[in-house]
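Listed below are the residues making up each chain.
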Amino acid sequence: MKIYNTLTKKKEEFVPIEEGKVRMYVCGPTVYNLIHIGNARPMIVFDTVRRYMEHKGYEVNYVSNFTDVDDKIIKKAIEEGVDSQTISQRYIAECKKDMESLNVRPATTHPLATEEICGMEEMIRTLIDKGHAYVAADGTVYYRTRSFAEYGKLSHKNLDDLEGGKRSLLVSGEDQKEDPLDFVLWKPKKEGEPYWKSPWCDGRPGWHIECSVMSKKYLGEEIDIHAGGEDLIFPHHENEIAQSEAANGKPFARYWMHNAFLNIDNRKMSKSAGNFFTVRDILQQYDPMVLRFFMLSAHYRSPLNFSADLMEAARNGLGRIRTAAANLDFLLKNARQQERTQEEEALWEKAKEYAAKFDEAMDDDFNTADALAAVFELVKFINTNAREDSTAGFVKALREELLSLTDICGLIVETKEELLDSDVEALIAERQAARKAKNFARADEIRNELLQKGILLEDTREGVKWKRA
Ligand code: AMP
Ligand code: ZN
């Protein structure tokens, strides 16, 4: 299995630190809002990497954090007149709901930054003791970037190109730094902000130290894979390497994986630019599996442009797979209860080649676009070769192959029992009642339940409208 490593800019054969095991850390979202579909890209992509690794027989320890202390969370809390924890807990719960809809499996551990402050203090103390960090007059602790000789090795940047000059420090009011390249490990609290006591000042950690500490605690000092969106390469991941390697005296992560961005109208989708759709917005219109299929239809290192046309293509593609699965189910009900015939045995040998093709594509840096192409070849083969007179042995084998490949992609394609119109109406009425009683959790649950069964709801001024996906 080959992985493109941002650190070496090459595709490299994957060799785990410990045989049969993978230790993987994926930077998670800052929780101050519903996640947008850009945030969903790394979630879906790296969940698929995890599923494929498991399919290959690895035991994967998958850690993904929630950043639950941050300026944006504090700002939102002030706007709403509540504390930061109320905001972060609310959006962690919402994020987990979106993950479930998208069939993204929960991580082995989802650590929260605010629960790991002790470990952060300890690592900061080590960095100060080793001369890699210093305390400024107001209690801010900075990382001494030039003390780490390999700084810039991940982003392939040269320190001297990064140097902005001391003048800019005076302008930005950061003149207590020894060097403009130095970054914050710990900062003093401001009025009304959450804070923790520390030897340096009452305050809170910088963002980068969180991931170094959580990765070490749950996976160890050396890990196999560290992943996230490409915007995290610099400075976040570069700074994580500087912190972890200086503190632990060991290489940090062997393989660094980064997904390219999801764009809208060929422009980067971001919360700050305001051009984004939340996952929740999109799930009002589409089956969650269509969104998952769309994300996997491109290689994770290629930019992907979100458009109605591509979503329509994803819907059609998924539909073709679902129809093939439904046909196999139908054929299986009436098939001869018999092992494969000799003729079918030869066909089955051919059918197995699509699974091998799928693996070949995934082994090449998780090329999900080519892997899905192999699934479509299998679908075509099924449509031609699974017939009313096929044996149960043959139909079952084809069905298992199709479902095993789609399952690695995290795509649920099995046909669900259709809900009758009257059942849908009853659930909608129950949802309206729940909303009236301000039981929004139940209302959301009903919406999700209907969505899973392919029923889309639309809240309009005239009431709730629904249609089948
Ligand atoms: P954030 O909450 O901004 O820290 O983002 C959480 C994760 O989503 C990080 O891995 C980001 O790199 C990733 N991300 C944010 N926006 C996008 C986007 N438009 N396309 C792909 N990944 C993104
Ligand atoms: Zn991180």
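Before reading on, note that the structure itself is shown above.
The following paragraphs examine the structure supplied in this document. In this text, all values refer to a predicted model and were calculated from it rather than measured experimentally.

## Details of the site of ligand 1
The immediate surroundings of ligand 1 are formed by 16 residues, with Thr 30, Gly 229, Asp 231, Leu 262 and Met 269 found nearest. The separation between a nitrogen atom of ligand 1 and a polar main-chain atom of Gly 38 is 3.1 Å. One nitrogen or oxygen atom from the main chain of Leu 262 is found 2.8 Å from a nitrogen atom belonging to ligand 1. Out of a free accessible area of 490 Å², ligand 1 has 89% covered by protein chains. When atoms are counted within 2 Å of each cavity's grid points, the one that captures over half of ligand 1 is the largest pocket.

## Examining the layout of surface pockets
Rolled over the atoms, a probe with the dimensions of a water molecule shows which regions are left empty. Taken as a whole, the largest pocket spans an internal volume of roughly 1000 Å³. When contributions to the lining of the largest pocket are tallied by element, the ones reaching two or more residues are helix 1 (37–55), strand 4 (59–64), helix 2 (71–80), helix 3 (84–101), strand 8 (203–205), helix 7 (207–219) and strand 9 (223–229). Tallying contributions element by element places helix 1 first for the lining of the largest pocket, with five residues. Classifying every residue of the lining of the largest pocket gives 21 nonpolar, 14 polar and 11 charged.

## Some points on helix 8 (residues 233–248)
The periodicity of an α-helix, 3.6 residues per turn, causes residues three or four positions apart to be oriented the same way. A large share of helix 8 lies buried, amounting to 14 of its 16 residues. Positive phi appears at Gly 249, one or two residues downstream of helix 8, with a value of about 65 degrees.

## Topic: the nonpolar core
Counting residues in each nonpolar core, the largest one holds 93 residues, and the members touching the most others are Met 53, Ile 225, Leu 291, Phe 366 and Leu 402. Lining this core are residues from two domains, each supplying at least three of them: domain 1 (14–259) and domain 2 (279–408). Apart from residues lying up to four places away in sequence, Phe 366 is in contact with Met 1, Ile 3, Val 49, Tyr 52, Met 53, Met 257, His 299, Tyr 300 and Ala 361. Counting residues in each nonpolar core, the second largest holds 38 residues, with Leu 127, Leu 185, Ile 209 and Trp 256 among its members.

## Brief notes about the coordination of the zinc ion (ligand 2)
Coordination sphere of the zinc ion (ligand 2), protein contribution only: Cys 27 (SG), Cys 211 (SG) and His 236 (NE2), at 2.1 to 2.2 Å. Sequence spacing of the donors to the zinc ion (ligand 2): C-x183-C-x24-H. Of this pair, Cys 27 sits in the loop between strand 3 (21–26) and helix 1 while Cys 211 sits in helix 7, and the two are 184 residues apart along the sequence. According to the relative accessible area criterion, Cys 27 is buried, its value standing at 12%.

## Let's talk about the environment of Cys 95
In this fold, Cys 95 is placed in helix 3. Separated by 148 residues in the primary sequence, Cys 95 and Gln 243 have C-alpha atoms spaced 29 Å apart. Setting aside anything within four residues of it in sequence, one finds Cys 95 in contact with Pro 29, Ile 35, Met 43 and Phe 66.

Quick notes on the rules
Residues numbered from 1 in each chain as written. Chains lettered and ligands numbered in written order. Predicted model: local features only at pLDDT ≥ 70, side-chain atom pairs only at ≥ 80, totals over all residues. Heavy atoms only, no water. Near = heavy atom within 4 Å. Polar contact = N/O pair within 3.5 Å; in protein donor to acceptor, adjacent residues only side chain to side chain. Areas by Shrake-Rupley, 256 points an atom, 1.4 Å probe, with all protein chains shown as cover. 1 Å grid on protein atoms, 1.4 Å probe; cavity = no way out; pocket = protein on both sides within 12 Å on 5 of 7 lines; lining within 4 Å. Sits in = over half its atoms within 2 Å of the grid points. Points joined across faces, edges and corners; volume = space filled by probe spheres on them. Helix = DSSP H or I, 4+ residues; strand = E, 2+ residues; numbered from the N terminus. Nonpolar A, V, L, I, M, F, W, Y, C, P; charged D, E, K, R; others polar. Buried < 20%, exposed > 50% of the residue type's maximum accessible area, 1.4 Å probe, protein only. Core = buried A, V, L, I, M, F, W, Y, C linked by side-chain atoms within 4.5 Å. Domains from an automatic or database assignment. Contact = heavy atoms within 4.5 Å. Donors = N, O, S within 2.8 Å, 3.2 Å for Na, K, Ca; no water.

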